[in-house]
Amino acid sequence: MTTIQINGKDVEVDPKQPLIHALHTNGCDVPMYCYHPGLSPVGSCRICQVEVQQGEGPSRVVVSCRTPVADGMRVFPDSEKAHDVRRECLEFLLKNHPLDCPICDKAGECDLQDYSFAEGQGEGRSVEPRRKLEKRKSLGDVIVLDEERCILCSRCVRFMEEVPKTPQLTVADLGARSVIATFMDRPLTGKYQGNLADVCPVGALTLSAFRFQARVWNLTKTTGTCGECSRGCSVTTEVLRGGELKRFRPRYNADVNTWWMCDVGRFAIEEHSLEGRLVGALVRGSRELEPADPFDAIDRAADVFTAPGHPVVIASPWLTVEEGERLRDLAEALGSEVHFLSPPANDLADDLLHTGDPCPNRRGLEGLGFSPIDAEAALELLSGATSALICGERIGALLGEGLGELPEKLRLVVLDTMPLDVPAVRAELGVPSSIERTGTWINVDGHAGKLGIARSAPPGVAPLVQTLDDLVARLSTTATAGGER
Amino acid sequence: MVIVKRKELSFWERLYLPEVVRGLSVTMRAIFRRKITRQYPEEPLATNEVTRGQPRLAVNEDDTIRCVSCGLCEIACPAYAITIDGQETDRFIEREPERFDIDMLRCILCGFCEEACPKDAIFMSEELELADFSREALVYDIEKLKRPISALQRRSDYVYKLNDRWHSSSSTS
């Protein structure tokens, strides 16, 4: 450890990290645009300048992202000189930056906006017109570039070079004519483009999917875990007005995903759509499935399971550990073995984040003693049974068309997010999707990822844990009543 | 219990007629005085540029809406009366409202939306009347809120004067 002095106070800092890291970890809010803790520092924006004095010499102003820490260094991040220098930098950065905040998607989470508000001048001094450049340049399907807003920090260029290691962006042209560009205006490729919108400190690179979708201060942010592969990246789930899911953003987690996430998980928005969701419960009437009270549906499910024979129990790979424990209790009461549906590995795997395994809680469910089974084997198992429980988010969709061909003598109980209208179904209850419940998933490395409640589940949908508990309680009362008879 | 004694009437008062004449003279004088009763609703209420009526969205002469759905009025609104969703347009300013609802039953006519607007797109109009048969009908959507800028000119000029803003209507590139 190295000892430096910040504002006259001695602090111990990591010698491997640049000065700006030492300042940030010690409560000094030095602004930064080109510096990103996950990328190599270049010192191009100059906004992180601080006053530094070493030994007895006069103090100097240095860029803190490119300055290594040294013993005995005295740093004055809030001195008048440092503020003046930063303010001048800001004026140059704002020289050509359009006053786009009312229409800019970054407004509200923009570093340039925040620091301009804190330190900038109320009025510009320049009389020359601003640069006129292309304002909606498509860089492929994911990213839209606004050249006017760009402050040429080159974070995006370095991200593409250093993280997915697919250099595609560059700072083209020279001096005042510099712009961010791809070679011959080719569209960007790769699975990590979405991160460009996150690393961009201004609104130059925005997600085309999120473009003008919401103002960021209207989004309710909840911590969660991505469920699209067994990596389980830590994410922030952002929901507009308690309803529509608008975006996932990566959340820093040194053990799992650091600052990044892949586009597969980032754009898994449709999976959490509220459209067509199973609200409340359905039970089989004389012919059709009819809406019912959830308690009646639980009664009906219990009736199915009290018939002789051991029901087949198949769980969704999205089940949390807590739900898995309840399901194990239920299966014990029924004398059945639990399988969990494990779709085959997809071809999305890479050496950065995506594992290619679509089961986010494989380790957790295997730890509970559940055995993996693929859709074909699951359907075969179901067609040979007299009663069955399929349980968890998206289970109907994963089992697919084959469910419709199951024999009508099979009495099937479904706990799913989406309604499933096949002849075998006797009772059906809604379950919350993974952004509507709490729980834990164990990722491929054994790291526990927590789910958070970003919005309430549709009306009449109880947490799966509660539904399974009710079912176990209902079964035990029927068992004792039957014993007395 | 208190016994209130009535005042004995004098002779002239008991005569009754002179008092009638005195009363009628008051009426006669009032007939020729300036009238202060307003014949509302036949006669609309007088308004001026200071009137803070219901908020309305300004539409330019070329039929384009000024609002860019930045959401500042939505966040400034103390009564949570405004709901906005944006969408992309082909115009130079790339964003416009897809949905702009003001719940007129929630609106308290405070004028914060007008003050917050960076694009001079929402003004407190001179429209004061608000009546309908259902609550849903009083949630005004964008089509009900649009007004040509000429209809809001008086208030717009006043707001410019009040805020000492610069005269050009657009404050961005």
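I will try to describe carefully the structure that is included in this document. (Residues numbered from 1 in each chain as written. Chains lettered and ligands numbered in written order. Predicted model: local features only at pLDDT ≥ 70, side-chain atom pairs only at ≥ 80, totals over all residues. Heavy atoms only, no water.)

### Some thoughts on the interface of chain A and chain B
Counting residues at the interface gives 17 residues for chain A and 25 residues for chain B. Summing both sides of the interface, chain A and chain B together bury roughly 1600 Å²; the carbon and sulfur share of this comes to 49%. Together, R136, F212 and R241 of chain A form the three largest contributors to the area buried by chain A at its contact with chain B, with a combined 37%. Inspection of the region where chain A meets chain B yields six salt bridges. The salt bridge involving R136 of chain A is made with E88 of chain B; its shortest N-O contact spans 3.7 Å. Counting across the chain A and chain B interface gives ten residue pairs in polar contact (both at pLDDT 80 or more). (Contact = heavy atoms within 4.5 Å. Buried area = accessible area lost by both parts, 1.4 Å probe. Salt bridge = Lys/Arg side-chain N within 4 Å of Asp/Glu carboxyl O. Polar contact = N/O pair within 3.5 Å; in protein donor to acceptor, adjacent residues only side chain to side chain.)

### Describing the sheet that holds strand β13 (residues 244-250) of chain A
All names here are of chain A. Across the sheet, three strands lie side by side as β11-β12-β13; this open sheet has antiparallel pairing. Both edges of this open sheet fall to β11 (219-225) and β13, since each of them pairs with a single strand only. The average angle at which neighbouring strand axes cross in this sheet is 30°, direction not considered. Strand direction decides the pairing type here: strand β12 (residues 234-240) and β13, joined by six bridges, are antiparallel. (Pairing = 2+ DSSP bridges. Helix = DSSP H or I, 4+ residues; strand = E, 2+ residues; numbered from the N terminus. Axes fitted to C-alpha atoms, helices over the stretch in contact; angles between N-to-C directions.)

### Concerning the pattern of salt bridges
This model, assessed by the stated rule, comprises 43 salt bridges over all chains. Among the salt bridges present, the one from R56 of chain B reaches E127 of chain B, with a minimum N-O distance of 2.9 Å. Placement of R56 of chain B in strand β1 (residues 55-59) and of E127 of chain B in the loop between β4 (122-124) and β5 (139-140) is noted, with a sequence separation of 71 residues between them. The exposure class assigned to R56 of chain B is buried, which follows from its relative accessible area of 3%. Via salt bridges that share partners, E109, D198, E238, R247, R249 and R266 of chain A belong to a single interconnected network. (Buried < 20%, exposed > 50% of the residue type's maximum accessible area, 1.4 Å probe, protein only.)

### What about a nonpolar patch on the surface?
A surface patch of nonpolar side chains, amounting to about 430 Å² of accessible area, comprises Y16, L17, V20 and L24 of chain B. If you trace the backbone, L24 of chain B turns up in helix α2 (residues 17-32). (Patch = residues over 30% accessible without salt bridge, like charges linked within 9 Å, V, L, I, M, F, W, Y side chains within 5 Å. Areas by Shrake-Rupley, 256 points an atom, 1.4 Å probe, with all protein chains shown as cover.)

### A short note on unusual backbone geometry
In this structure, P41 of chain B follows Y40 of chain B across a cis peptide bond, with omega equal to 5°. Mapped onto the elements of the fold, P41 of chain B is located in the loop between α2 and β1. At D173 of chain A, a position not held by glycine, the phi torsion is positive, near 65°. The residue D173 of chain A is located in the loop between β8 (169-172) and β9 (179-182) in this model. Despite not being glycine, R241 of chain A shows a phi value in the positive range, around 50°. Note on placement: R241 of chain A falls in the loop between β12 and β13.

### Some words on the packing of aromatic side chains
Residues and elements named next belong to chain B. A complete count under the given rule lists four aromatic pairs over all chains for this structure. Each ring, one from F11 and one from W12, has its centre 5.9 Å from the other, and the planes form 70°; the classification is edge-to-face. Look at F11 and you get exposed, because its relative accessible area is 54%. For W12, a relative accessible area of 57% puts it in the exposed group. (Phe/Tyr/Trp six-rings, centres within 6.5 Å; stacked < 30°, edge-to-face > 60°.)

### As for the sheet that holds strand β2 (residues 9-13) of chain A
Residue and element names in this part refer to chain A. With mixed pairing, five strands are arranged side by side in an open sheet as β2-β1-β5-β3-β4. The sheet terminates laterally at β2 and β4 (60-63), the two strands that pair on one side only. Taking the axes of each pair of neighbouring strands and ignoring which way they run, one obtains an average angle of 40° across the sheet. With five bridges joining them, strand β1 (residues 2-6) and β2 adopt antiparallel strand pairing. Directly across from T3, in β2, lies its bridge partner E12. Running over the sheet, helix α2 (residues 80-95) touches β3 (49-53), β4 and β5 (74-76) and is turned about 150° from β3.

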